[in-house]
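Results of the structural survey
Each chain, letter by letter, is given below.
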Amino acid sequence: MDQNLIIVDHPLVQHKLTLMREKETPTALFRQLLREISQFLAYEVTRELPTRLKKIDTPLVPMDAPVMAGKKLALVSILRAGNGLLDGVLELIPSARVGFVGLYRDEKTLQPVEYYFKVPDGIEDRVVIAVDPMLATGNSSAAAIQRLKDAGARDIRFLCLLAAPEGVERMREAHPDVPIVTAAVDEKLNENGYIVPGLGDAGDRMFGTK
Ligand code: URA
């Protein structure tokens, strides 16, 4: 693995992830845990963002105190499961603008086809955090990132809950400039493209479908 892959191995994250993996975990708890973990991941993905000093007055003295500086942020949810990460990240970064990318896989060509794309103005000047819980084959994530680049985004990070080695590899090939932050890299993909041991279909589990 490489330095552009950050695995958030904090005990609280790992504990919550274990609860999410368990098949008996109900939908409401699954969603709540995802929201909680998303904030730890957001904390890590924003670690390198610059700050500047601002003059403020505490009740005791004036001081130069750090505030966020530099480029504005855009969060981009890769539909539909990305929405499960979005709210938690937005709670931490409430002023971020939000975009959405929707892709599905054409059954004949196996190529990703776009059905929705809307990103904030000035995407080329923003730090973009693309969110999708499961980096499995990496095909749709890589396509979504490419679409963001085509729209002008230049500074992109990818935040996911779980990754497969195959997905990390695919992203590395296609977008070596995009750092990946995840809670774990699991063993493998199975023949149906599911991450093993994984947690099943993240979208179904968070929205109670199926
Ligand atoms: N998408 C999911 O929701 N789960 C997987 O295991 C792989 C892709």
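Residues numbered from 1 in each chain as written. Predicted model: local features only at pLDDT ≥ 70, side-chain atom pairs only at ≥ 80, totals over all residues. Heavy atoms only, no water.

Remarks on the nonpolar core
Residues Leu17, Met20, Ile129, Leu159, Leu161 and Leu199 are the most contacted members of the largest nonpolar core, which totals 37 residues. Among the elements of the structure, α1 (11–21), α2 (27–45), β4 (72–78), α3 (83–92), β7 (126–131) and α6 (202–207) are those that each provide at least two residues to this core. The element best represented in this core is α2, accounting for seven residues. Membership of the second largest hydrophobic core comes to 25 residues, among which are Val101, Val128, Phe158 and Ala163. (Core = buried A, V, L, I, M, F, W, Y, C linked by side-chain atoms within 4.5 Å. Buried < 20%, exposed > 50% of the residue type's maximum accessible area, 1.4 Å probe, protein only. Helix = DSSP H or I, 4+ residues; strand = E, 2+ residues; numbered from the N terminus.)

Quick look at the packing of α2 against α3
Their axes nearest at 8 Å, the elements α2 and α3 cross at an angle of 55 degrees. The angle between α2 and α3 falls in the class oblique. Note on packing geometry: the crossing formed by α2 with α3 is right-handed. Contacts between α2 and α3 involve Leu34, Arg35, Ser38, Gln39, Ala42 and Tyr43 from the first element and Gly84, Leu85, Asp87, Gly88, Val89, Glu91 and Leu92 from the second. (Axes fitted to C-alpha atoms, helices over the stretch in contact; angles between N-to-C directions. Parallel < 35°, antiparallel > 145°, perpendicular 65-115°, else oblique. Left-handed = near helix turned anticlockwise from the far one by under 90°. Contact = heavy atoms within 4.5 Å.)

Describing the site of the ligand
All residues in the neighbourhood of the ligand are listed as Met134, Ala136, Gly193, Tyr194, Ile195, Gly200, Asp201 and Ala202. Contacts to the ligand include Ile195, whose backbone N or O atom sits 2.8 Å from an oxygen atom. Interatomic distance of 2.8 Å between a backbone N/O atom of Gly200 and a nitrogen atom of the ligand. Compared with its free state, where it exposes 240 Å², the ligand has 82% of that area covered by protein. For the shell around the ligand, the residue count by class is five nonpolar, two polar and one charged. (Near = heavy atom within 4 Å. Polar contact = N/O pair within 3.5 Å; in protein donor to acceptor, adjacent residues only side chain to side chain. Areas by Shrake-Rupley, 256 points an atom, 1.4 Å probe, with all protein chains shown as cover. Nonpolar A, V, L, I, M, F, W, Y, C, P; charged D, E, K, R; others polar.)

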